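# Descriptive structure summary
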Amino acid sequence: MPLVNVKEMMDKARDGHYAVGAFNINNLEWTKAILLTAEELKAPVILGVSEGANKYMTGYKVVADMVKAMIETLNITVPVALHLDHGTYEGAQKALAAGYSSVMFDGSHYEIEENVEKTKEIVALAKKLGATVEAEVGSIGGEEDGVTGRGEVADPAQCKMIADLGIDILAAGIGNIHGQYPANWQGLDFETLAKIKDACGNMPLVLHGGTGIPEDMIKKAISLGVCKINVNTECQLSFAAATRAYIEAGKDKEKKGFDPRKLLAPGTDAIKATVKEKMEMFGCIGKAN
Ligand code: 13P
């Protein structure tokens, strides 16, 4: 199946009361692990790519072409969206030109008027190409690939203003942060989430910072309109732990254990396990059709 945008998968998730996982990719192993898990579990999936990861993989075109080719050669039949995560104004345009099926334009650091103007331009461009757009109000706390947010809680009135610009999905800060949550984290602000849902009606909402959010909070967020949940750090941590265990057990020194196809295999399997765990929690298994 060719890449799809997120429109239909988000509508189905909202109506079916589950969320689709958006997992960040960093390289070929990451991409393969996530695609194979989604296919095995018959789950729709969104591959998120930060601008930093795009640069690491040498560019938007390389990423888009790799993902498209991998979908074909692995016979992936579930819906897959390729989504720019936390895109800048310029990055969103480049990703769309390279064939991304969805982009996030993160204008949360602009004053609201400028965020509105730039979001409108990205929406117009995306519409022409059949792609979808995610916008953000109230920055997500923590740091991801050099993008640092202060962890503001979004203003529901501003959410409504941005939601009315023709975007397809809306990320709103509700006390969520990228990376691991500190021990004194106050949890998600469900009161604000409920107000945002009231203000924005049917707009599918996005929860960033999915790593480490407990299951009861995930379920409650889904009941309040969250249809897409982003996970990055948790896959990185499980990949690193499995790779560390392999090396600490001296396996890279046994026979050809240093071959990258062997060395990276435990980490790749660990990503699969994490993705599966998250998909179970989000309720999206078996929802590909
Ligand atoms: P985590 O790294 O906390 O899982 O957040 C991922 C994310 O929100 C990507 O945009």
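So, here is what we can say about the structure in this document. (Residues numbered from 1 in each chain as written. Predicted model: local features only at pLDDT ≥ 70, side-chain atom pairs only at ≥ 80, totals over all residues. Heavy atoms only, no water.)

Attention now moves to the overall build of the protein chain. Helices and strands together make up the secondary structure of the protein chain, namely 12 helices and 10 strands. On C-alpha atoms alone, the protein chain measures out to a radius of gyration of 18 Å, which is about the 19 Å that the 2.2 N^0.38 rule sets for 289 residues. Seen through its principal axes, the protein chain has C-alpha atoms that stretch 60 × 45 × 35 Å. Across the protein chain, the fraction of contacts at a sequence separation of at least 24, relative to all contacts at a separation of at least 6, is 72%. Carbon together with sulfur atoms contributes 54% to the accessible area of the protein chain, which is approximately 12700 Å² in total. Looking at charge distribution, the protein chain has the averaged site of its 31 positive side-chain charges lying 6 Å from that of its 39 negative ones. (Helix = DSSP H or I, 4+ residues; strand = E, 2+ residues; numbered from the N terminus. Rg over C-alpha atoms; globule rule 2.2 N^0.38 Å. Contact = heavy atoms within 4.5 Å. Areas by Shrake-Rupley, 256 points an atom, 1.4 Å probe, with all protein chains shown as cover. Lys, Arg positive; Asp, Glu negative; His and termini not counted. Charge placed at Lys NZ, Arg CZ, Asp CG, Glu CD.)

The next point concerns the site of the ligand. The ligand sits among 15 residues. The nearest are Asp85, Gly179, Gly209, Thr211 and Thr233. Elements with a minimum of two residues in the shell around the ligand: strand S3 (80-87) and strand S10 (226-231). Tallied by class, the residues present in the shell around the ligand amount to two nonpolar, 11 polar and two charged. (Near = heavy atom within 4 Å. Nonpolar A, V, L, I, M, F, W, Y, C, P; charged D, E, K, R; others polar.)

Let's shift gears to the packing of aromatic side chains. As enumerated under the stated definition, the model contains five aromatic pairs in all. For the ring pair Tyr60 and Tyr100, a centre distance of 5.9 Å and an interplane angle of 70° mean the geometry is edge-to-face. On the criterion of sequence distance, the pair formed by Tyr60 in helix H4 (residues 60-73) and Tyr100 in the loop between helix H5 (89-98) and strand S4 (102-105) is long-range, its members being 40 residues apart. In this pair, the class of Tyr60 matches that of Tyr100, namely buried. With 6.3 Å between their ring centres and 65° between their planes, Tyr89 and Phe105 make a pair best called edge-to-face. (Phe/Tyr/Trp six-rings, centres within 6.5 Å; stacked < 30°, edge-to-face > 60°. Buried < 20%, exposed > 50% of the residue type's maximum accessible area, 1.4 Å probe, protein only.)

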